[in-house]
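# Architecture at a glance
What follows is the residue order along each chain.
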Amino acid sequence: MTKSTHYAKPGEVERSWVLIDADGATLGRLATRAAMILRGKNKPQYTPNTDTGDFVVVINADKVQLTGVKADHKSYWRYSGWLGGLKTESFKEAMEKHPERVVEHAIKGMLPKTTLGRKQGTKLKVYAGPEHPHAAQNPVKIDLEA
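Below is a summary of the structure that appears in this document. (Residues numbered from 1 in each chain as written. Predicted model: local features only at pLDDT ≥ 70, side-chain atom pairs only at ≥ 80, totals over all residues. Heavy atoms only, no water.)

## A few points about the sheet that holds strand E2 (residues 55-59)
To summarise the sheet geometry, strands pair through backbone hydrogen bonds and adopt either a parallel or an antiparallel arrangement. The line we're drawing: Two strands make a pair as long as DSSP finds a minimum of two bridges between them. To qualify as a helix, a DSSP run of H or I must reach at least 4 residues; to qualify as a strand, a run of E must reach at least 2; elements of each kind are numbered from the N terminus. Angles shown run from 0 to 180 degrees and are taken between the N-to-C directions of axes, each axis being a line fitted to C-alpha atoms and, for helices, limited to the stretch in contact.
Pairing is parallel in the open sheet, where four strands are placed in the order E5-E2-E1-E6. In this open sheet, the two edge strands, each paired with only one partner strand, are strand E5 (124-126) and strand E6 (140-142). Neighbouring strand axes in the sheet, compared pairwise and without regard to direction, differ in orientation by 25° on average. Bridge analysis of strand E1 (residues 17-21) against E6 gives three bridges, and the strand direction is parallel. If you follow Leu-19 over to E6, its bridge partner there is Lys-141.

As structure tokens, then:
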């Protein structure tokens, strides 16, 4: 009598809400943990072709840090497609203007570049300050050091 492998179906996945406080956290370590939760790899019923992940709320994105001299050297760029349309922005400039986008960019860069990855990316909510509008969902706060 052999047991067959159970594959999670999209309708039977129970989603919870997870709260991550980015105050003093390292950007890369925060991003890997959040991406793992968004994909559902922390659950026993993880299925690669099904969205089994949870919702992730990141607060205090303006207090995230980088190690070493990366804060001075890291830059973000975007290209419009036109000649001379390459725009660059340093990490410090980006953190002053829009810290949520910096954290979002790091986390979404660790998700698959497919329709499933984009769907998993929509479950990410990032806020610069300590307030967030998802208190009604009772998000469970997790510790990044654990």
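## A closer look at the environment of Trp-17
Worth spelling out the cut-off: Burial status follows relative accessibility: with a 1.4 Å probe on protein chains alone, a residue under 20% of its type maximum counts as buried, one over 50% as exposed, and anything between as partly exposed. Contacts are assigned to residue pairs that have any heavy atoms within 4.5 Å of one another.
If you trace the backbone, Trp-17 turns up in strand E1. For Trp-17, a relative accessible area of 14% corresponds to the buried category. Sequence spacing of Trp-17 and Lys-123 is 106 residues, and the spatial spacing of their C-alpha atoms is 9.4 Å. Not counting residues within four places of it along the chain, the set of residues in contact with Trp-17 comprises Phe-55, Val-57, Lys-125, His-134, Gln-137, Asn-138, Pro-139 and Val-140.

## Observations concerning the side chain of Thr-50
Defined as follows: Throughout this description, a polar contact denotes any pair of N or O atoms lying within 3.5 Å of each other; where both atoms belong to protein, one of them has to be capable of donating a hydrogen while the other can accept it, and for residues adjacent in sequence the pair is counted only when both atoms sit in side chains.
When you line up the elements, Thr-50 lands in the loop between helix H1 (27-39) and E2. Polar contacts involving the side chain of Thr-50 include one to the main-chain carbonyl oxygen of Ala-8, which spans 3.3 Å. When near neighbours in sequence (up to four residues on either side) are disregarded, Thr-50 contacts Ala-8, Lys-9, Pro-10, Leu-116 and Gln-120.

## Remarks on the pairing of strand E3 (residues 75-79)
Relative to strand E4 (residues 86-90), E3 runs antiparallel, the two being bridged by five bridges. Looking at the pairing, Trp-77 lines up with Thr-88 of E4. Between E3 and the antiparallel strand that follows it, E4, lie six residues; Gly-81 among them carries a positive phi value of about 100°.

## Looking at the environment of Pro-130
Mapped onto the elements of the fold, Pro-130 is located in the loop between E5 and E6. Along the chain, Pro-130 and Asp-23 lie 107 residues apart, while their C-alpha atoms are 9.2 Å from each other. Excluding residues within four positions of it along the chain, Pro-130 makes contact with Ile-59 and Asn-60.

## Here's the deal with the pairing of E1
Where we set the bar: By convention a crossover is right-handed if, when the strands point away from the viewer, the path from the first strand over the helix to the second runs clockwise.
When you tally the buried positions in E1, you get four out of five residues, the bulk of the element. Note that E1 and E2 share five bridges and pair parallel. Pairing of Val-18 across the sheet is with Val-56, part of E2. In this view, the connection linking E1 to its parallel neighbour E2 by way of H1 has right-handed handedness.

## A word on the packing of H1 against helix H4 (residues 99-108)
Formally: Each angle gets one of four labels, with under 35 degrees taken as roughly parallel, over 145 as roughly antiparallel, 65 to 115 as roughly perpendicular, and the rest as oblique. Left-handed describes a crossing whose near helix is turned anticlockwise from the far helix by less than a right angle; the clockwise case is right-handed. All residues other than Ala, Val, Leu, Ile, Met, Phe, Trp, Tyr, Cys, Pro, Asp, Glu, Lys and Arg, Gly among them, are scored as polar; the first ten of these are nonpolar and the last four charged.
Interhelical geometry of H1 versus H4 gives an angle of 60° and a closest axis separation of 8 Å. When the axis of H1 is compared with that of H4, the two are oblique. The handedness of the crossing between H1 and H4 comes out as right-handed. The residues of H4 that touch H1, namely those facing Leu-27, Leu-30, Ala-31, Ala-34, Ala-35 and Leu-38, are Val-102, Val-103, Ala-106 and Ile-107. For the contact of H1 with H4, the per-class residue count stands at ten nonpolar, no polar and no charged.

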